[in-house]
Each structure stands twice: as structure tokens, then as C-alpha cells.
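Listed below, chain by chain, are the residues.
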Amino acid sequence: MNFLAHLHLADISDTHLVANLCGDFAKGKIEDHPQHLQQGIWLHRQIDQITDSHEIIIDLLKQFPKTSRRVAPILIDLAFDHYLAFYWEEYHHQSLAVFSQKAYKELSTTAQLPLTLQAIAPKIIQQDWLTSYQTKQGLNQAIKGVSKRLSKPELFDHAIRDVDKLYVEIEIAFRTFYPQLMAYSRIYSRKTPEQYLPNALG
């Protein structure tokens, strides 16, 4: 899952939006991060583990051409955000515009973010990344953006073309898998280890 999905899953599981977003940027032991972020980081890692091991995702990865096989997990994450944004009204009671502004406000006011997230947070907000996922053009821009942030951008040379070839297959996988992931996020939020809860003694 990418940014929008983790924020959405945090919201429906009644956990801290930005803390969940921190999972991609918070390396090492959960205990080494601020207490108010720990539950979100833990839940983010559970969601990623469920996703990576699910047969729907494993089967989808196998369908990617060799030209993009190494970055296929990233492409699936980005494409899933695109479909979540495209079908947003089916998954959330607020409009995507309203939800995005709520997420941006939390992102700009949450203290002690991981440094890498702090660095890109202004771009996320100013360029309105979350609502941009709604269009195919926005998805393609997101793919280009990720390629520029990684050490081997050439791995993404065929990414947009390969995602386009699997556009329907990725949509089917998303529509099948994401409702399950929504249920998992609600269940796992209730199973958060006590030491990671926001009110736990650090």
C-alpha cells in the first residue's frame, strides 16, 4: 500500500493518520521512535506484511513483465492508491478532497516525523499528491516521482507502459483484496501491543 491507502486504513481503524504514514520512513525498532507514532508504525508494518504475503498480490506480481519485475511491488502500491482514489466514494464517507485536507493538516502539525518524511511533506501538501491519484495522469506522475527518488531510476524505464498493460488485472486485484485489508486493519488496530499505544508509558 502507498500513502493514500495507509492514511485511509488508519482513518477507518481509528488510529493516527500520520503515524501510519510514518511506517515507510521509520526504520529500525518501533521502540526507537516517538510514542505517539509507535502504534501507527506497528499497524503499517502489519498491513505491509499481510499484503506482501497474500496470494492475490503474489499472483499479480508474477504477471508483470521482466522489464518491471524488480519494481513491481512499488508499482502495485501506486496503482492501488490510484484505484482507491478513483473509487473513493465507495470506501469513505468524506469526499477525497475533504479527507486529503484533513491528512495534510495532520501532516503539517504532527511532531517528530522521520526526517525523510519531513523532507517530502511540503511537496505532498503543496502538490496535492492524494487527490492527484484519481487520474491516470496522476498515477503516471507518481511513478515518475518515485523513480527520481530511488538510486536506480532506470528500473522504471518501462514501468508506465507495463502498468498500462496490466491496468485491468491490477484493478481486479485491488477490488478483490482491498476490502479484506480494510477488515484486517480494523482487527489489527485492536490487537496493537500495549507498549505501542499512544497513552503507554514510554
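Here the structure is shown first, and the text comes after it.
Residues numbered from 1 in each chain as written. Predicted model: local features only at pLDDT ≥ 70, side-chain atom pairs only at ≥ 80, totals over all residues. Heavy atoms only, no water.

(A) How the structure looks around empty space enclosed by the protein. Taken as a whole and assessed by the stated rule, the structure comprises 1 cavity of 30 Å³ or more. What the largest cavity holds in volume is close to 40 Å³. Lining the largest cavity are L7, L21, A103, Y104, L107, I124 and L130. The biggest single contributor to the lining of the largest cavity is helix α6 (residues 96-109), with 3 residues. Classifying every residue of the lining of the largest cavity gives 7 nonpolar, no polar and no charged. (1 Å grid on protein atoms, 1.4 Å probe; cavity = no way out; pocket = protein on both sides within 12 Å on 5 of 7 lines; lining within 4 Å. Points joined across faces, edges and corners; volume = space filled by probe spheres on them. Helix = DSSP H or I, 4+ residues; strand = E, 2+ residues; numbered from the N terminus. Nonpolar A, V, L, I, M, F, W, Y, C, P; charged D, E, K, R; others polar.)

(B) Broad picture of the side chain of H54. Its place among the elements puts H54 in the loop between α3 (35-53) and α4 (55-63). In contact with H54, not counting residues within four places along its chain, are F177 and Q180. (Contact = heavy atoms within 4.5 Å.)

(C) Structural context of the packing of aromatic side chains. Within the structure shown, the criterion is met by 12 aromatic pairs. Judged by centre distance (6.0 Å) and plane angle (5°), the ring pair of F3 and W129 falls under stacked. Of the two residues, F3 is situated in helix α1 (residues 3-12) and W129 in helix α8 (residues 129-132); the sequence distance between them amounts to 126 residues. Geometry around Y87 places R175 over its ring, the cationic atom sitting 3.8 Å from the centre. The ring of Y188 carries the charged tip of K191 above its face, separated from the ring centre by 5.8 Å. (Phe/Tyr/Trp six-rings, centres within 6.5 Å; stacked < 30°, edge-to-face > 60°. Lys NZ or Arg CZ within 6 Å of the ring centre and 35° of its normal.)

(D) Quick peek at the environment of W42. Tracing the backbone shows W42 in helix α3. Its relative accessible area of 10% is what places W42 among the buried residues. For W42 and E89, which are 47 residues apart along the polypeptide, the C-alpha to C-alpha distance reads 27 Å. When residues no more than four places from it in sequence are discounted, the contact partners of W42 are I30, Y188, K191, T192, P193 and Y196. (Buried < 20%, exposed > 50% of the residue type's maximum accessible area, 1.4 Å probe, protein only.)

(E) Quick peek at the packing of helix α5 (residues 72-86) against helix α11 (residues 167-190). Orientation of α5 relative to α11, taken along the N-to-C sense of each, is 70°, at an axis distance of 10 Å. On the basis of their axis angle, the class for α5 and α11 is roughly perpendicular. Two secondary-structure elements touch here, α5 through A79, F80, H82, Y83 and L84 and α11 through Y167, V168, I170, E171, A173, F174, F177 and Y178. (Axes fitted to C-alpha atoms, helices over the stretch in contact; angles between N-to-C directions. Parallel < 35°, antiparallel > 145°, perpendicular 65-115°, else oblique.)

(F) Region of the structure containing a positive patch on the surface. Among the surface-exposed residues, K123, K144, K148 and R149 lie close enough to one another that they form a single positively charged patch. At 3 residues, the largest contribution of residues to the positive patch is made by helix α9 (residues 136-149). Among the structural elements, K148 can be located in helix α9. Residue classification places K148 among the exposed positions, given a relative accessible area of 72%. (Patch = residues over 30% accessible without salt bridge, like charges linked within 9 Å, V, L, I, M, F, W, Y side chains within 5 Å. Areas by Shrake-Rupley, 256 points an atom, 1.4 Å probe, with all protein chains shown as cover. Salt bridge = Lys/Arg side-chain N within 4 Å of Asp/Glu carboxyl O. Lys, Arg positive; Asp, Glu negative; His and termini not counted. Charge placed at Lys NZ, Arg CZ, Asp CG, Glu CD.)

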